[in-house]
Amino acid sequence: MNFRFLKLIILFFLLVKFQVKAQVEENTRLLNIDVTKETIRTRFQPPKNYKWVSEAPKSFGEYLNYFPLYPQNFPVRDYQKIPVENQSYHAAILKIDVGNKDLQQCADAWIRLYSEYLYANKRFDEIGFHFTSGQFISWKDYENGLRTEEIKDRVKFIKTENFDDSYQNFRNYLNLVFNYAGTISLDKESELITRNEDIKSGDFIIKPGSPGHSVIIVGVAKNNLGKKLYLLAESYMPAQDIHILKNFQNKSISPWYELDVNSKQTITAKYIFEPTAIKRFKGKL
């Protein structure tokens with residue numbers, strides 16, 4: 001074979017390879033994050049060919065989509081307002097306090113956001129959660145003075161306080177729930193999602209245990225073929241700012257994630273869920 005002709009063939013294949021690579025890079029380019037925007041939905045634009053899925057008006061999902069964010073480069077802080085050691089896991093931080101106790105951790109983050117949503121919409125009668133022990137206490141119970149007393153490692157409810165419907169008392173109620181509830185109780189209060197098309201904002205991935213973990217789905221995008229991508233948020237241990245996670249497994253779509261209810265495992269920035277259990281709280285969302 002003529003040496004010059006061989007060089008031309010090699011050059012041709014190199015050009016084809018370059019064009020394919022360029023096309024792949026174009027389709028998986030890093031996403032546009034508008035750091036000037038102040039909510040989850042407005043700051044994070046989905047990957048190419050994907051669009052945000054709009055949740056039902058006044059739903060918990062919509063509440064999460066438009067949740068306010070701290071400015072870009074704001075650090076994740078613990079309950080003592082001290083920046084956590086590793087600041088590389090998050091893409092943004094939700095603008096909501098952690099409290100001053102080491103309580104608002106993984107499952108508690110979902111409970112906090114859902115409770116704040118109900119409180120903001122004056123749906124006070126719907127705020128209530130089970131403890132890991134199985135006991136139930138509502139915000140209305142606590143508002144009317146019901147408190148807990150530990151007797152020989154068991155919790156007993158007693159009325160010791162006067163009526164108080166202040167927001168500070170509501171926060172005291174949530175701290176009580178955080179202390180006695182967790183991934184085990186939240187898992188029991190939720191239903192398993194078995195179809196990918198049913199996943200929506202407000203659902204969560206959960207691994208019950210002591211310790212277990214959970215992450216919250218705070219955004220959903222979909223393409224014309226029906227394939228979805230998701231934004232995930234979490235708190236962690238020690239209690240810290242709720243933050244949106246980067247995706248180190250697929251940096252081309254980070255911070256968005258692919259999820260599959262049938263997957264044997266789901267790997268997030270700081271945790272491996274095995275198996276994948278995506279759930280929805282049984283209350284009205």
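These lines cover the structure that appears in this document, whether it is placed above or below. None of these values were measured; they are calculated from a predicted model. (Residues numbered from 1 in each chain as written. Predicted model: local features only at pLDDT ≥ 70, side-chain atom pairs only at ≥ 80, totals over all residues. Heavy atoms only, no water.)

Some details on the layout of surface pockets
When its volume is computed, the largest pocket comes out at roughly 250 Å³. What lines the largest pocket is a set of 17 residues, and nearest its centre among them are Gln105, Asp108, Ala181, Gly182 and Thr183. Taken together, the elements giving at least two residues each to the lining of the largest pocket come down to helix 4 (106-120) and helix 7 (183-188). In terms of residue count, the dominant contributor to the lining of the largest pocket is helix 4 (3 residues). Its residues assigned to classes, the lining of the largest pocket comprises 8 nonpolar, 7 polar and 2 charged. (1 Å grid on protein atoms, 1.4 Å probe; cavity = no way out; pocket = protein on both sides within 12 Å on 5 of 7 lines; lining within 4 Å. Points joined across faces, edges and corners; volume = space filled by probe spheres on them. Helix = DSSP H or I, 4+ residues; strand = E, 2+ residues; numbered from the N terminus. Nonpolar A, V, L, I, M, F, W, Y, C, P; charged D, E, K, R; others polar.)

Quick word on the packing of aromatic side chains
Taken as a whole and assessed by the stated rule, the structure comprises 25 aromatic pairs. Here the basic side chain of Lys270 rests over the ring of Tyr236, its NZ or CZ set 4.5 Å away from the ring centre. (Phe/Tyr/Trp six-rings, centres within 6.5 Å; stacked < 30°, edge-to-face > 60°. Lys NZ or Arg CZ within 6 Å of the ring centre and 35° of its normal.)

Section: the nonpolar core
If you look at the biggest cluster of nonpolar residues, it comprises 52 residues, and the most contacted ones within it are Ile40, Trp110, Tyr173 and Ile244. The element best represented in this core is helix 4, accounting for 9 residues. Those residues in contact with Ile244 that lie beyond four places of it in its chain are Ile40, Phe44, Leu69, Tyr89, His90, Ala91, Ala92, Leu94, Val218, Leu232, Ala233 and Pro255. Membership of the second largest hydrophobic core comes to 15 residues, among which are Ile199, Tyr257, Ala269 and Ile278. (Core = buried A, V, L, I, M, F, W, Y, C linked by side-chain atoms within 4.5 Å. Buried < 20%, exposed > 50% of the residue type's maximum accessible area, 1.4 Å probe, protein only. Contact = heavy atoms within 4.5 Å.)

Side note on the pattern of salt bridges
Counting across every chain of the model gives 12 salt bridges. The salt bridge involving Asp241 is made with Arg77; its shortest N-O contact spans 3.3 Å. Of this pair, Asp241 sits in the loop between strand 10 (228-234) and strand 11 (243-245) while Arg77 sits in the loop between helix 3 (60-65) and strand 2 (90-93), placing them 164 residues apart in sequence. Accessibility assignment for this pair places Asp241 and Arg77 in one class, buried. As a salt-bridge pair, Asp198 and Arg195 come within 2.9 Å of each other at their nearest N and O atoms. (Salt bridge = Lys/Arg side-chain N within 4 Å of Asp/Glu carboxyl O.)

A closer look at the side chain of Ser214
Mapping Ser214 onto the fold places it in strand 9 (residues 213-223). Polar contacts involving the side chain of Ser214 include one to the main-chain amide nitrogen of Ala107, which spans 3.4 Å. Setting aside its immediate chain neighbours within four residues, Ser214 contacts Cys106, Ala107, Thr183, Ile205, Ile206, Glu234 and Phe273. (Polar contact = N/O pair within 3.5 Å; in protein donor to acceptor, adjacent residues only side chain to side chain.)

Side note on the pairing of strand 8 (residues 204-207)
Bridge count between strand 8 and strand 9: 4 bridges; the pairing is antiparallel. Looking across to strand 9, one finds that Phe204 is bridged to Ile216. One ladder, built from 2 bridges, connects strand 8 with strand 15 (residues 278-281); its direction is antiparallel. Across the sheet, residue Phe204 finds its bridge partner in strand 15, namely Lys279. (Pairing = 2+ DSSP bridges.)

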